[in-house]
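So the chains spell out like this:
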Amino acid sequence: MAAPTDGRPVAYINARLIDPDAGTDQRGAVLIGDGKIADFGPGLFASGAPYGIETIDCKGHCLAPGIVDLRVHTGEPGEEHTETLDTAGKAAAAGGVTAMCVLPDNDPPFDDASLIEFVHRRARQVQLTKMYAYGALTMDLKGEQLAELGLLSEAGAVAFTDADSAIGNAQLMRRALYYARTFDALVVHLPQEPTLSGGAMTSGEVATRLGLAGNHPLAEAIMLERDVRLVEMTGARYHATKISTAQGVDIVRRAKARGLKVTCDTAPHYFALNELAVGDYRTFAKVVPPLRVEADRLAVIEGLRDGTIDAIVSDHRPQDVESKRVPFAQARPGVIGLETLLPVSLDLFHNGQLGLAAIWRLLSSGPARLFKLPGGRLEKGAPADLVLFDPDTAWVIDPDKFHSKTGNTAFDKRPTQGRVLKTIVDGRVIHRDATRWPAAV
Amino acid sequence: MPRHLLGIEGLSAESIEALLDLSETYIDTSRSLVKRRDVLAGRTLINIFFENSTRTRTSFEVAAKRLGADVINMEVAASSVKKGETLLDTAMTLNAMLPDALVVRHQESGAVSLLAQKVNCAVINAGDGQHEHPTQALLDALTIRRRKGTLRGLVVAICGDILHSRVARSNIHLLNIMGASVRVVGPATLIPTDIDRLGVEVHHSMRTGLRDADIVMMLRLQTERMSGSFVPSTSEYFRFFGLDQEKLKVAKPGALVMHPGPMNRGVEIDSAVADDLKRSVINEQVEMGVAVRMACLDALMGGRRNSVAGVV
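Residues numbered from 1 in each chain as written. Chains lettered and ligands numbered in written order. Predicted model: local features only at pLDDT ≥ 70, side-chain atom pairs only at ≥ 80, totals over all residues. Heavy atoms only, no water.

Brief notes about the overall build of chain A
Scanning chain A from N- to C-terminus turns up 12 helices and 19 strands. Compactness check: chain A gives a C-alpha radius of gyration of 21 Å against a globular reference of 22 Å for 441 residues, within 12% of the reference. Here the C-alpha coordinates of chain A stretch approximately 65 × 50 × 45 Å along the principal axes. The buried share of chain A, taken over its 441 residues, is 63%. For chain A, the share of sequence-separated contacts (at least 6 apart) that also reach a separation of at least 24 residues comes to 74%. For chain A, the exposed surface amounts to about 15700 Å²; the carbon and sulfur share of it is 51%. (Helix = DSSP H or I, 4+ residues; strand = E, 2+ residues; numbered from the N terminus. Rg over C-alpha atoms; globule rule 2.2 N^0.38 Å. Buried < 20%, exposed > 50% of the residue type's maximum accessible area, 1.4 Å probe, protein only. Contact = heavy atoms within 4.5 Å. Areas by Shrake-Rupley, 256 points an atom, 1.4 Å probe, with all protein chains shown as cover.)

Have a look at this one:
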């Protein structure tokens, strides 16, 4: 559907320009040439559309750097019936995501350089959103033996993680951090103390009522405290993923205040939902870590506001119906999120909690900087990876209309605001909302 | 839409009273020489137990047969139903046989409610994981009401493994709805997080927990939890939480002792208490179980479906 770029300049004029790093939200234009941002700013083309180059009138809609999603699981290879890199790419494009990092917990897991190359080769074939692969931190993601971080790095692995498995063994984690330092590799860890995190939902009144085993919020705090001390000792680059509790936010806040190289992210479900979403055993609300209590949700929002949390990730994880239509404790955890990341994050804007530029720092420039990825910012010479969106369009989330192969969203039927109109990668339009931007435009 | 009995939570005091009133009439039926009242003649009930049970299944079977229903028992070994798909497949298969009601027990919390969403007949929860066991709470209530006249204002101490007990949860809901005050008593390892928000007082000592109690409900300590990280040993558990005459002394003089069975004598209850006819109503609970289940089946499958309001 997308025509390959021929490098001719295109001007996007009359836009509401969101510049996450400058923190600005103002009228302006962007000039794209050769797949890169040639120029941009409020003054650009202020006196009218340029003559002789293609001009696109953004009609006052928001133009921002494309979303950089650090946490996407696809079913390829291994479970292609749930999602392929192709369908994930389409979902990402529709969601305004111009770059995504693919988790390594596939079958086979990405503990071998050939799999990193496989993802990157497939991404080039798919020609949609840019894709980067994580390497496994330990062989077979078992948390026993280090993976070949050096070879995986050479093959292009963008960071190292065992995805949703935590490394329970402190000695192994210490060595993983030391070893990663050798290659200046980034270690991404889901801080969940395994012996405390077995339950199906967060422990507390709702779990007690439903008779479900609880995952204690301390599972996050205890593991994070350990990790922070190991980071202090090893000096490694460390990123904690999916922070879900008030104590977790606080530990990262204090670590940052002490000057440690600790960063973290969270996902929309942790700031837009709480444990009540589980309701009557709704397996689509089963995630790892589990949805927490309201006080935790508010603390996560505070962490987003004060800069403790560096990025918002979709935590996209397709699951087939068979693994969700079972008793809650047996259901596989995970929700899809590529196509809801933008509108649900915009809740923070509509609720007056964060400005658009601040949200975009969490969605694009922040994560891009963490993983040292190109794109994600408005900068002359940067790749023209952009998203044009209308923050106000109201719609109701309906997974039947998604590009993802599965419909396991925790936000089903949620009224929301904000629609992607166009997604642009290297100057090339990879998605346009047909209802608003007919092909003629 | 068929109506179900999936749990006590959400029922009104009126519908509980109505079910208990209906149960009273079936006590008389059961005590007569001719124990059959064919109010469910021609109706089909399927008992499907994904978790082993003799007592509850038999009780439902006796109840249904006394009402003239045709009863089919399905025991599905837990090992062969590890996968949830099988649960819904089984539900659909049984549904296609057009039963009037399914009585379901399952080892996973929420499984019975999941199954109920997929069938066209009434579903009765005979125990799902650690969630609810509504007919047990109803039979306990009937037993208490017959002995004490009312549930309102009574002090009920539920003792032992609250954490893993669906009986405790159903009883906590029912007793609160009916205006009793509820205490849970047990070691902290066996008390679920935030249980106080369900409207109970938490005690870690039998001496304070049983003080002036009208009713002492003992729970079964599951064998697999008797040693290890919940409780160090059976003997230590019995020393601090096993009910004997000595510990019972602090309760009201006429306090009743209950147990959902089967009992671990010498673990959670001393034989001298269990067999004390002045105190123990354990066998009476079994009798009331049949009457309560007759009432529930009648309410959900029978012609009086509309007279017992609010059963969901």
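Some thoughts on the packing of helix α7 (residues 246–257) of chain A against helix α9 (residues 294–305) of chain A
Residue and element names in this part refer to chain A. Put simply, α7 and α9 touch, their axes get as near as 8 Å, and they point 25 degrees apart. Regarding the angle of α7 to α9, the classification is roughly parallel. Contact residues: Ala246, Val249 and Arg253 in α7; Asp296, Ala299, Val300, Glu302 and Gly303 in α9. Of the residues that constitute the contact of α7 with α9, the class distribution is 4 nonpolar, 1 polar and 3 charged. (Axes fitted to C-alpha atoms, helices over the stretch in contact; angles between N-to-C directions. Parallel < 35°, antiparallel > 145°, perpendicular 65-115°, else oblique. Nonpolar A, V, L, I, M, F, W, Y, C, P; charged D, E, K, R; others polar.)

Details of the pairing of strand β19 (residues 428–432) of chain A
All names here are of chain A. The buried fraction of β19 is high, at 4 of 5 residues. Taken together, the 4 bridges between strand β18 (residues 415–425) and β19 define a ladder with antiparallel strand orientation. The partner of threonine 423 across the bridge, within β19, is histidine 431. Adjacent in sequence and paired antiparallel, β18 and β19 are bridged by 2 residues, among which aspartate 426 carries a positive phi angle near 50 degrees. (Pairing = 2+ DSSP bridges.)

Section: helix α5 (residues 134–148) of chain B
Residues and elements named next belong to chain B. Along its 15 residues, α5 runs 21 Å from first to last C-alpha, staying within 8% of the 21 Å computed at 1.5 Å per residue. With respect to burial, α5 is a largely interior element, 12 of its 15 residues being buried. Buried within α5 are the following residues: Pro134, Thr135, Gln136, Ala137, Leu138, Leu139, Asp140, Ala141, Leu142, Thr143, Ile144 and Arg145. Positive phi shows up at glycine 149, right after α5, with a value of about 90 degrees. (Expected span 1.5 Å × (residues − 1).)

A short note on the interface of chain B and chain A
Facing 27 residues of chain B, the contacting portion of chain A comprises 17 residues. Between chain B and chain A, roughly 1700 Å² of surface is buried when both sides are summed, and carbon and sulfur atoms account for 53% of that area. Its largest share of buried area at the contact with chain A, chain B owes to Glu108, Ser109 and Thr193 of chain B, together 24% of the area lost on that side. Counting every contact that joins chain B to chain A gives 2 salt bridges. Across the pair arginine 197 of chain B and glutamate 205 of chain A runs a salt bridge whose closest N-O atoms are separated by 3.7 Å. (Buried area = accessible area lost by both parts, 1.4 Å probe. Salt bridge = Lys/Arg side-chain N within 4 Å of Asp/Glu carboxyl O.)

Points about the confidence of the model for chain B
When pLDDT is averaged across chain B, the result is 92; 92% of the residues are at 70 or more. Interface confidence for the predicted complex, expressed as ipTM, amounts to 0.91; the pTM equals 0.93. (pLDDT = per-residue confidence, 0-100.)

Things to note about unusual backbone geometry
Residues and elements named next belong to chain A. With an omega dihedral of 0 degrees, the bond running from glutamate 76 to proline 77 counts as a cis peptide bond. Along the polypeptide, proline 77 turns up in the loop between β6 (67–72) and α1 (85–94). Following valine 288, the chain continues to proline 289 via a peptide bond in cis, the omega torsion being -10 degrees. Inspection of the secondary structure puts proline 289 in the loop between α8 (268–272) and α9. With a phi close to 55 degrees, asparagine 14 is a non-glycine residue in the positive phi region. If you trace the backbone, asparagine 14 turns up in strand β1 (residues 10–19). Residue lysine 372 is not a glycine yet carries a positive backbone phi of 55 degrees. For lysine 372, the location among the structural elements is in the loop between α12 (356–370) and β17 (386–396).

Section: the pattern of salt bridges
All names here are of chain A. Tallied over the entire structure, the rule returns 48 salt bridges over all chains. With its nearest N and O atoms 2.7 Å apart, the salt bridge here joins arginine 369 to aspartate 21. Of the two residues, arginine 369 is situated in helix α12 and aspartate 21 in the loop between β1 and β2 (24–33); the sequence distance between them amounts to 348 residues. Residue arginine 369 is classed as partly exposed on the basis of its relative accessible area, which comes to 42%. We classify aspartate 21 as partly exposed; its relative accessible area is 38%. Here lysine 130 makes a salt bridge to aspartate 426, at a shortest N to O gap of 3.0 Å. Taken as a pair, lysine 130 in strand β8 (residues 130–133) and aspartate 426 in the loop between β18 and β19 lie far apart in primary sequence, 296 residues in all. Three or more residues are tied together by salt bridges with common partners; here these are Arg71, Asp105, Asp164, Lys242, Asp315 and Arg317.

Re the sheet that holds strand β9 (residues 135–136) of chain A
Residue and element names in this part refer to chain A. The 6 strands lie next to each other as β9-β10-β11-β14-β15-β16, forming an open sheet whose pairing is parallel. Since the sheet does not close on itself, it has two edges, and those belong to β9 and β16 (311–312), each with one partner. Packed on one face of the sheet, helix α6 (residues 218–234) meets β11 (186–189), β14 (237–240) and β15 (262–266) and runs near 165 degrees to β14.

Quick notes on the nonpolar core
Core analysis: the biggest nonpolar cluster contains 123 residues, and Leu70, Met100, Leu304, Trp360 and Phe371 of chain A have the highest contact counts within it. Ranked by the residues each element gives to this core, the list is headed by α12 of chain A, at 9 residues. When we break this core down by domain, the ones giving at least three residues each are domain 1 (10–63 + 383–432) and domain 2 (66–370) of chain A. Residues within four places of phenylalanine 371 of chain A in sequence aside, it is in contact with Leu70, Cys101, Tyr134, Val158, Ala159, Leu186 and Val188 of chain A. The next biggest cluster of nonpolar side chains, apart from the first, holds 64 residues, and it includes Leu142, Leu256, Val281 and Ala295 of chain B. (Core = buried A, V, L, I, M, F, W, Y, C linked by side-chain atoms within 4.5 Å. Domains from an automatic or database assignment.)

Considerations on the layout of surface pockets
Residue and element names in this part refer to chain B. Of the volumes computed, that of the largest pocket is approximately 870 Å³. Contributing to the lining of the largest pocket are 34 residues, with Arg105, Arg166, Arg220, Gly261 and Pro262 lying nearest its centre. Broken down by secondary-structure element, the contributors of at least two residues to the lining of the largest pocket are α2 (55–66), α5, α6 (166–177) and α11 (282–301). With 5 residues, α11 is the single largest residue contributor to the lining of the largest pocket. Looking at the lining of the largest pocket residue by residue, the classes come out as 8 nonpolar, 17 polar and 9 charged. (1 Å grid on protein atoms, 1.4 Å probe; cavity = no way out; pocket = protein on both sides within 12 Å on 5 of 7 lines; lining within 4 Å. Points joined across faces, edges and corners; volume = space filled by probe spheres on them.)

Focus on the environment of tyrosine 237 of chain B
Residue and element names in this part refer to chain B. Tracing the backbone through its elements, the reader meets tyrosine 237 in helix α8 (residues 234–241). On a C-alpha basis, the gap between tyrosine 237 and glycine 266 in space is 9.6 Å, while along the polypeptide they are 29 residues apart. Once residues lying within four places of it in the same chain are set aside, the contact partners of tyrosine 237 are Gly160, Asp161, Pro187, Leu190, Leu221, Val231, Gly242, Val267 and Glu268.

Details of the packing of aromatic side chains
Residue and element names in this part refer to chain A. Scanning the entire structure with this criterion turns up 4 aromatic pairs over all chains. Here tyrosine 134 and phenylalanine 371 contribute two aromatic rings whose centre-to-centre distance is 5.7 Å and whose plane-to-plane angle is 85 degrees, an arrangement assigned as edge-to-face. Here the residue tyrosine 134 occupies a position in the loop between β8 and β9, and phenylalanine 371 occupies one in the loop between α12 and β17, the gap between them amounting to 237 residues. Just as tyrosine 134 is buried, phenylalanine 371 falls in that class too. The aromatic ring of phenylalanine 328 is capped on one face by lysine 286, whose charged end is 5.6 Å from the ring centroid. (Phe/Tyr/Trp six-rings, centres within 6.5 Å; stacked < 30°, edge-to-face > 60°. Lys NZ or Arg CZ within 6 Å of the ring centre and 35° of its normal.)

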